[in-house]
Amino acid sequence: MTDQTQNLGRSLLETDARTRKRNAAEARFKAFGVAAIAVALLALVVLLTSVVYNGASAFKQTYFELDIELPEAKLDKSGTRDLEVMKKVTTIGYAPILTAALEAAIEKAGIETTLDKKAIGGLISKEAAATVRNAVLANPEIVGTTQSFSILAEGRIDGYFKGRVTLESAALDSNTSPEALMLAQALADAGYADTKFNWAFLTAPDASDQRPEAAGLGVAILGSAYMMIVVLVLALPIGVAASVYLEEFAPKNRWTDLIEVNISNLAAVPSIVFGILGLAIFINFAQLNQSSPLVGGLVLTLMTLPTIIISTRAALKAVPPSIRDAALGVGASKMQSVFHHVLPLAAPGILTGTIIGLAQALGETAPLLLIGMVAFVRDYPAAYTPEAGLFGEASTALPVQVFNWTQRADPGFVERASGAIITLLVFLLIMNAIAIYLRRRFERRW
Amino acid sequence: MNDMRLMERAVDMNETKIAAKGVQVYYGATHAIKDVSIDVPARTVTAFIGPSGCGKSTFLRCLNRMNDTIDICRVEGDIRLDGEDIYDKRVDPVQLRAKVGMVFQKPNPFPKSIYDNVAYGPRIHGLAKSKADLDEIVERALRRGAIWDEVKDRLHAPGTGLSGGQQQRLCIARAVATEPEVLLMDEPCSALDPIATAQVEELIDELRAQYSVVIVTHSMQQAARVSQKTAFFHLGHLVEFGETGQIFTNPRDPRTESYISGRIG
Ligand SMILES: Nc1ncnc2c1ncn2[C@@H]1O[C@H](COP(=O)(O)OP(=O)(O)O)[C@@H](O)[C@H]1O
Ligand SMILES: [Mg+2]
């Protein structure tokens, strides 16, 4: 049989060698594709599970529910309810009151314990004294009465109720003991301790190294929100204006080519370089406040601009030229054709690009470290103060807070850091959902 | 002798709307239009024919300065609309394009409602004083575009949802809504089926009563059907310009003859 006669008279029902080879190649390629996707999905699942597994507990917190007697003899010796005088009693003065209240609860519940007074006081978070003190200073009339409070349990105790700390691990831990845990369990059984949803994690400021149970994301969320406002207000108009000019109005010559190349290069510059730039320009030269959301926002704006410009130009390029011709053909000016027809059609693409840019900026850490946003910030930044101006007060940001917490020694911060990552991911998810929603909405206008 | 007098009469009857003299167009180094002079008469359909790439569209776009939007394009020579130089420094192309409307090869309605498509031009030129005014302008334009009956019940439906032929008639309605004096059409039927083509051709014939229509077409039959004057372009030159009947039955230039008989093209 010669080559030429090979296909003659052959049945369609049997595949020849060539076809079999081709089909095998296709099957192999598909298998590789499926394998690649499976690996990616697996990595994602592992990542998410570990983060959620470690971090979900950050959203719950153990509190003691105590009736606390607030003796006038200790809290307001003068009896005048004068705030200046009362402020002289520090949190150290409040600690014994809390310990006494806990002892009273133990006695009332009839719990036997071998722990001494100091160890019993150790069940309570160091932050709790400040909580009670603030309540007293905010409302001095309650001195001399008995009030019920929800006060934070110490981090190890909290960890015990979340399963992080066990009786065995406590035996090896100098900061707590199995007896303390058993006492806490007995208190919980008697209804004096409760693990409930932890709003403070989202609203409270950061806490010091020894108090993971009190640490919250409030300042970081506010700081990140301020920075996003700065980025949105600056980068969107500047980026869109620059792209519209470059794409629709600028002559095509060597200069615009140069600018285009530079914008593409800027998009690839490592973010830490923008941090150095921000440090040099905004802090050293312009003398803006270190660690302020204003400076952070400016740095992130520089970083986001190329992303927005590139995606906006792509969106403008995708608008068919026939639409521009149509507008010019009925006597619209260049500007009318752009603003009445081209920009609305490009809007979904611009929005998507902007939100992706914002999401990138939200998760950016490196440049913020350089401009001092990694500092430990206890106080909420105000939106406006005469000295610091708009967004000028020290703050921190979500990703930096994650970085910060992972550096700390107390194991309680592992949970906090994972919880912060979950929060960050939820924000990113919300932003992407908004991007998808907006795109659908605009595109539905046929 | 007799022949000559006939020619004079024809020119007398038709006042000139657009007069082009010695027009040269360059795309960078490409010389696309070579020394073209032509007088487009008023209230007449003038057809530009010629093999593809010969410069018909390029020359048409000179007449409303659409070539200004192409960076590398350079136009030389003298083009006058009613005696006024349209390339004069004082002329704003935007005002010119309101007077010289254009319909493109591919139907290109705005992705807006049918009503807004037609109303856009009158709106930006401030032609309507009130909503009722605008409604009237839109209706008149759609009627002149011979599409009113098909769309009057769905004026607020998207213009892009119409069929190709309807879209092109909508584009013609949009172009006439700004009350232009000249209507330029660049192969308006090339994307349409024969029935839609017949409708548009009929429309062009009606438009002749009010406008000077210049139509580029690659179909000689179409030129013969709709135009009174025909210009034949070849390789950037205007080879021959005359009465349509004369061009098709008795061309003077051998190149015209070979194109018409199908030997070049
Ligand atoms: N935008 C442009 N840039 C460069 N050359 C062009 C452009 N448009 C047309 N040309 C050139 O000009 C010549 C005439 O084109 P065109 O006017 O479109 O011809 P027609 O409409 O008769 O088919 C062609 O050689 C074409 O390659
Ligand atoms: Mg053409």
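Residues numbered from 1 in each chain as written. Chains lettered and ligands numbered in written order. Predicted model: local features only at pLDDT ≥ 70, side-chain atom pairs only at ≥ 80, totals over all residues. Heavy atoms only, no water.

A. Layout of the site of ligand 1. All names here are of chain B. Taken together, the residues surrounding ligand 1 are Y27, A32, S52, G53, C54, G55, K56, S57, T58, I70 and I72. A distance of 3.3 Å separates an oxygen atom of ligand 1 from a polar backbone atom of C54. The backbone of K56 places a nitrogen or oxygen atom 2.9 Å from an oxygen atom of ligand 1. A per-element tally of the shell around ligand 1 places helix α2 (residues 56-62) first, with three residues. Taken together, the residues that form the shell around ligand 1 break down as five nonpolar, five polar and one charged. (Near = heavy atom within 4 Å. Polar contact = N/O pair within 3.5 Å; in protein donor to acceptor, adjacent residues only side chain to side chain. Helix = DSSP H or I, 4+ residues; strand = E, 2+ residues; numbered from the N terminus. Nonpolar A, V, L, I, M, F, W, Y, C, P; charged D, E, K, R; others polar.)

B. Region of interest: the sheet that holds strand β5 (residues 84-85) of chain B. Strand order in the open sheet made by the four strands is β2-β1-β4-β5 (chain B), with antiparallel pairing throughout. Strands with a single pairing partner mark the edges of an open sheet, and in this sheet they are β2 (30-41) and β5 of chain B. (Pairing = 2+ DSSP bridges.)

C. Geometry of the interface of chain A and chain B. Of the residues lining the interface, 19 residues belong to chain A; the matching set on chain B comes to 26 residues. Roughly 1,800 Å² is buried in total at the junction of chain A and chain B, and carbon and sulfur atoms are behind 63% of that figure. At the boundary of chain A and chain B, one finds zero salt bridges. In this structure, the connection of chain A to chain B is made through four residue pairs in polar contact (both at pLDDT 80 or more). (Contact = heavy atoms within 4.5 Å. Buried area = accessible area lost by both parts, 1.4 Å probe. Salt bridge = Lys/Arg side-chain N within 4 Å of Asp/Glu carboxyl O.)

D. The arrangement of unusual backbone geometry in detail. Residues other than glycine seldom take positive phi values, yet S291(A) does so here, at roughly 60 degrees. You can see S291(A) is positioned in the loop between α13 (271-285) and α14 (293-317). The exposure class of S291(A) is buried, given its relative accessible area of 6%. The phi angle at D35(B) is positive, at roughly 50 degrees, despite the residue not being glycine. Here D35(B) is to be found in strand β2. (Buried < 20%, exposed > 50% of the residue type's maximum accessible area, 1.4 Å probe, protein only.)

E. Region of the structure containing the environment of C54(B). Inspection of the secondary structure puts C54(B) in the loop between β3 (45-49) and α2. Beyond its immediate stretch of four places on either side in the chain, C54(B) contacts A32(B), F233(B), H234(B), L235(B) and G236(B).

F. Main features of the sheet that holds β3(B). Residue and element names in this part refer to chain B. With respect to topology, six strands assemble into an open sheet ordered β6-β7-β8-β3-β9-β10, the strand pairing being mixed. Two strands lie at the open edges of the sheet, namely β6 (100-103) and β10 (237-243), each paired on one side alone. Between one strand axis and the next, the sheet turns through 15 degrees on average, direction left out of account. In this sheet, strand β8 (residues 212-216) lies alongside β3 in parallel orientation, the contact comprising four bridges. Among the inter-strand pairings, F48 is bridged to a residue of β8, identified as V216. Helix α7 (residues 164-177) contacts β6 and β7 (182-186) of the sheet and is inclined by roughly 170 degrees relative to β6. (Axes fitted to C-alpha atoms, helices over the stretch in contact; angles between N-to-C directions.)

G. Here's a closer look at the confidence of the model for chain B. Overall, the prediction assigns chain B a mean pLDDT of 89, with 94% of residues at 70 or greater. Across the interface, the model reports ipTM at 0.87; the global pTM reads 0.82. (pLDDT = per-residue confidence, 0-100.)

H. Representation of the pairing of β8(B). Residue and element names in this part refer to chain B. Within β8, five of the five residues are buried, which leaves the element mostly enclosed by the surrounding structure. Both faces of β8 are covered, namely the face carrying S212, V214 and V216 and the face carrying V213 and I215. In the sheet, β7 pairs with β8 via five bridges, with the strands oriented parallel. Within β8, the position partnered with M185 by the bridge is I215. Note that the unit made of β7, helix α8 (residues 194-207) and β8 has a crossover that is right-handed. (Right-handed = clockwise from strand over helix to strand, strands pointing away.)

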